[in-house]
Each structure stands twice: as structure tokens, then as C-alpha cells.
Amino acid sequence: MLNGKKVVMGICGGIAAYKAADVVSRLKKQGAEVDVIMTRSAANFITPLTFQSLSGNHVVVDMFEKPVSWEIKHISLAKKADIFVIVSATADMIGKIANGIADDMLSTTVMATKAPVLIAPAMNTNMYENPIVQNNIDKLKKYGYLFTEPAYGRLACGDVGYGKLAAVDDIIDDISVILNDKKDYKGLTVMVTAGPTIEAIDPVRYITNHSSGKMGYAIAKCARNRGAEVILISGPTSLKPLRNVKVVNVLSNHDMYDAVMNNFDDCDIVVKAAAPADYRPLKYSSQKIKKDDDNLVLYLEKNIDILKELGERKGDKILVGFAAESQDLIKNAKDKVLKKNLDFIVANNIMSKDTGFKSDDNAVCIIDRDGGIDNIPRMSKIELADIILDKIKSLK
Ligand code: PMT
């Protein structure tokens, strides 16, 4: 969440300017205060009224317009910003900033700000690849300006290549990382496992469970935002890969075991939010099993318990497990903390509605080695992830 954070957004004249409306809307939903400055050309593509309605603030276009309240607008906006974001930055605006030109409201305010500046370029591929534009971008990077790099794709002009405005998700993601005040995980490496595993029966069928990966991805994302190096071992999910995180995709419990063990030495903290399958078919059938009989007997064998094995090699690493229980939540989870040699376990009752598997929210009990219990009420998995990371930090 970006509660109370002050974002000043600059919008330039390009066809991608309309996508900036989504960025403003998403920032507002996360609790940020947003002020918008548009260039005159931007106002030809999309009206200031759109941004005024979305931001709830007067939108400035003209450097010399009559002030709404008495203040020198380019200076007051420059000072109030916690972050300055330019969405759909044109070659022209990048060139102006890189060369110290301040001749309109947006370029003047950027020049006057001491806040971090994040630039999301959008332009035709040939323009983007032009060495002069690239040179200006490099120059700005050297001065500490940050970029959400444009994506590859089909542009409005029909050309295909780099220059398409980055996905709104990626822009919001970069803003969240920059505005995250807590950087208490800097210097630490956190390994997170997420999602289910699948255990193949034949080329068509497999055994799995309902894990979506949302809980593990939320922990990985928050740890990254707090400055950690993150290794995410992910079972098959439909979630968007996390940026600036080392992601290792796996299918089976066996793959997850290998990936976890290969990375274990490099990390300080392991959080096992994944739901690996406990059993796999004793024999994999290389051909599709025919449905000739009314009954089919499938023999299963136990998978390696990855977390238990980590517990045996724990040393001074912090080890956190999850417990998915349908009954005797506290008792079963307490047993697992000791059996798997964990620092604490996060226990969720997977029978309750709207929490646990698949949902965006969770409600859990955090249980220590000494049996201490913290009841955490229902909240978003992202908020819960921060609480789990706070708890880990208190042990370090
Ligand atoms: O993915 P979501 O849809 O967001 O749902 C979140 C979740 C419910 C999957 C998650 O919060 C959760 O509870 N994960 C643990 C699920 C699980 O496997 O629980 P368990 O009680 O069977 O296992 C206990 C611990 O041992 C877990 O940390 C698990 O990762 C680990 N384990 C289990 C089996 C195995 N073969 N190897 C393991 O390491």
C-alpha cells in the first residue's frame, strides 16, 4: 500500500498517454496522493479533466496559468513529491531533462525536484533506438534517474519492436519498490517456495492441490521491496513472474527439492509457503492409461519432505514453514514446528472460506518453537507477508 505517499506524475504527448490514467487510478486505490502535470501535447491526446477526476486534484498544464491557490506551483509540486513519475515519457522530454532544458511546467518541475524520478518511456522503436535518445537515457541513468524500461510489442504506428510503454503493473511495481521506506532486508538473501507441485501419473494426468502461489509470491515481493535478494522456487502457477527476483520454475516435488537444495547455501532465510504434493505415483506410465476397467488402483509413494530435510541442515539460518490444516490446527502445527526444526510456523485453516488456498486474503496463527501463538486476523496476503517478515526480522 502507498498510504499518504505523494506522487507527482508528469504526462507527455504520445498515444500511450491514455495508459497513464490507469496508473493514476491504481496509485489512488493504493492510498497515494497524486498530482498531475501534463504537457500541452499530452492534453491533445487526453483531457486534463480525466486526470483531475481520477486524482481529485487540479491538473496543471500551463506554466503561467492563474494559480488555484497562491504558491509557485512548479516549486511546491517539486518539493511535495515523494516520487516524481513520468509516464509515457517522449524522446523530446527525455532530451530536455538530459540536457538541462526547463521550458514548460513539466520539465521545470522535474528540474526543481529532489525526489527520485522514475521515467517510463513510450515512443516509436526507431526513435527509441536512436543513439541520441539512448545517449540521453544513459546520461540520465548516470545522474540517478530511474527507468521502467519500455516493452517489446506492436506499436500504435504498426511497427514491432521496443518502445511500447511498460505494463502498468510493472510501473506500479517500480513505484512501490522506490517508495518502500523499510529496507531492513538489505544484505540478506531470502528463499521462498510457492505454489503446488504436480506429480505425473501418465502423459495426460497428474496429482496436485489447490495452491495458487499467491501467499508465496506475496512474501517474495515484500522481501524484495524491503531490500532482500530473493530466490523464488515456484511450482506451476498462473501468476505473473516477479521482476528483480531469481525465479526457478519447478513441476514436481523432486524438482522443488533439487532447486531448494541447490540454493540453500546462498540464503539466510527460507520461507516454505509452497504446498508440495506429499505423495507421487509409484510408477509413471509412459503411455496414457486406458480407461478399460471400472476401477483403477493407483499406488502412491511418499515424497521427500523438503522442509524436514532443511530442518536437519538448518545451522543459523532462519527457517519458516506453513501448515495447511483442516482440523486440530494448533496441535498439528505445533507438532510440525518441532518435527521440522523451524523457527516458527504459519498455520492456516484451509476449511475457512475466503482465506487459505487461492484467495487474496489469509487469516493465520503464527506459532513459535516455544508454543507462543499470535492470532493474525483476516487481511490481504501482501499485508500478512509484511507481518511474517517483521517476525523473521525480530529473530535476526
Ligand atoms: O498458494 P495459495 O493459494 O496462496 O495458498 C496458500 C497456502 C495455503 C498454500 C499456504 O499458505 C500454505 O499453507 N502452504 C503450506 C501447504 C502445505 O504443504 O502444508 P503442510 O502442512 O502439508 O506442510 C508443512 C510444511 O512442510 C510446509 O511449509 C510445506 O511447504 C512443507 N513441505 C510439505 C511437504 C513436502 N513434501 N515438502 C515440504 O517442504
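As the structure is a computational prediction, the values presented were derived from the model and not from experiment. (Residues numbered from 1 in each chain as written. Predicted model: local features only at pLDDT ≥ 70, side-chain atom pairs only at ≥ 80, totals over all residues. Heavy atoms only, no water.)

As a structural note, the neighbourhood of the ligand is formed by 27 residues, with S211, S212, K336, K358 and K381 the closest of them. Take K358: an N or O atom from its main chain is 2.6 Å from an oxygen atom of the ligand. Protein burial of the ligand: of its 770 Å² of free accessible surface, 96% is covered by the chains. Going through the elements one at a time, α10 (214-225), α12 (306-312) and β16 (318-325) are the ones with two or more residues in the shell around the ligand. The element best represented in the shell around the ligand is β16, accounting for 4 residues. For the shell around the ligand, a count of residues per class yields 12 nonpolar, 7 polar and 8 charged. (Near = heavy atom within 4 Å. Polar contact = N/O pair within 3.5 Å; in protein donor to acceptor, adjacent residues only side chain to side chain. Areas by Shrake-Rupley, 256 points an atom, 1.4 Å probe, with all protein chains shown as cover. Helix = DSSP H or I, 4+ residues; strand = E, 2+ residues; numbered from the N terminus. Nonpolar A, V, L, I, M, F, W, Y, C, P; charged D, E, K, R; others polar.)

It is worth spelling out the environment of K393 at this point. Looking at the element boundaries, K393 is found in helix α14 (residues 381-395). Judged by relative accessible area, which is 27%, K393 ranks as partly exposed. The spacing of K393 and I269 is 124 residues in sequence and 10.0 Å in space, taken between C-alpha atoms. Contact partners of K393, with chain neighbours within four places excluded, come to D184, Y185 and L188. (Buried < 20%, exposed > 50% of the residue type's maximum accessible area, 1.4 Å probe, protein only. Contact = heavy atoms within 4.5 Å.)

It is worth spelling out helix α13 (residues 329-339) at this point. In an α-helix, one full turn covers 3.6 residues, which means residues spaced three or four apart are oriented alike. For α13, the full list of buried residues reads L329, A333 and V337. Down the axis of α13, the buried side of the element spans an arc of 60°, and every buried residue falls inside it. Structural note: α13 exposes K331, L338 and K339 on the side pointing more than 90 degrees away from its buried face. For α13, the secondary structure elements touched by its buried residues are β16, β17 (344-349) and β18 (361-368). The first or second residue beyond α13 is N341, which carries a positive phi of 55°. (Arc of directions from axis to C-beta.)

The next subject is unusual backbone geometry. Within the chain, N244 stands out as a residue other than glycine whose phi angle is a positive 55°. Inspection of the secondary structure assignment puts N244 in the loop between β11 (229-234) and β12 (246-249). According to the relative accessible area criterion, N244 is exposed, its value standing at 65%. Non-glycine residue D328 carries a positive phi angle of around 45°. Locating D328 in the fold gives a position in the loop between β16 and α13.

In this section: the domain arrangement of the protein. Annotation of the protein at the domain level lists domain 1 (6-179) and domain 2 (189-395). Facing the 8 residues of domain 1 at the interface are 5 residues of domain 2. Summed over both partners, the interface of domain 1 with domain 2 comes to about 530 Å²; 29% of that surface belongs to carbon and sulfur atoms. Three residues stand out in domain 1 for area buried against domain 2, namely D170, D173 and V177, and they jointly supply 69% of the buried area on that side. Applying the counting criterion to the domain 1 and domain 2 interface returns 6 salt bridges. Its salt-bridge partner being K221, residue D173 comes within 4.0 Å of it at the nearest N-O pair. (Domains from an automatic or database assignment. Buried area = accessible area lost by both parts, 1.4 Å probe. Salt bridge = Lys/Arg side-chain N within 4 Å of Asp/Glu carboxyl O.)

What describes two packed helices is the angle between their axes and the distance between those same axes. Where helix α1 (residues 19-29) contacts helix α3 (residues 48-55), the axes come no closer than 9 Å and their chain directions differ by 15°. Taken as axis vectors, α1 and α3 run roughly parallel relative to one another. At the point where α1 passes α3, the crossing takes the right-handed sense. Only T50, F51, L54 and S55 of α3 make contact with α1, whose side of the interface consists of A20, A21, V24, S25 and K28. In the contact of α1 with α3, the residues fall into 5 nonpolar, 3 polar and 1 charged. (Axes fitted to C-alpha atoms, helices over the stretch in contact; angles between N-to-C directions. Parallel < 35°, antiparallel > 145°, perpendicular 65-115°, else oblique. Left-handed = near helix turned anticlockwise from the far one by under 90°.)

By secondary structure assignment, the location of R369 is in the loop between β18 and β19 (373-380). It is 6.1 Å that separates the C-alpha atoms of R369 and V337, two residues lying 32 residues apart in sequence. In this structure, R369 is in contact with V337, L338, N341, L342 and D343, ignoring residues within four places of it in sequence. At a separation of 2.9 Å, a polar atom in the side chain of R369 contacts the main-chain carbonyl oxygen of L342.

As for its placement among the helices and strands, K5 is situated in the segment before β1 (6-11). At a separation of 2.7 Å, a polar atom in the side chain of K5 contacts the side chain of D181.

Both faces of strand β13 (residues 269-272) are covered, namely the face carrying I269 and V271 and the face carrying V270 and K272. Two elements, strand β8 (residues 189-194) and β13, share 4 bridges in a ladder whose sense is parallel. Within β13, the residue paired with V192 across the bridge is V271. Relative to β16, β13 runs parallel, the two sharing 4 bridges. Each residue of the ladder has a partner; that of V270, found in β16, is L319. (Pairing = 2+ DSSP bridges.)

Our focus in this paragraph is the nonpolar core. If you look at the biggest cluster of nonpolar residues, it comprises 34 residues, and the most contacted ones within it are I219, I388 and I392. The element best represented in this core is α10, accounting for 7 residues. In contact with I388, not counting residues within four places along its chain, are M215, I219, F322, F344, V346 and I366. Grouped together as the second largest cluster of nonpolar side chains are 33 residues, V23, V85, L118 and A166 included. (Core = buried A, V, L, I, M, F, W, Y, C linked by side-chain atoms within 4.5 Å.)

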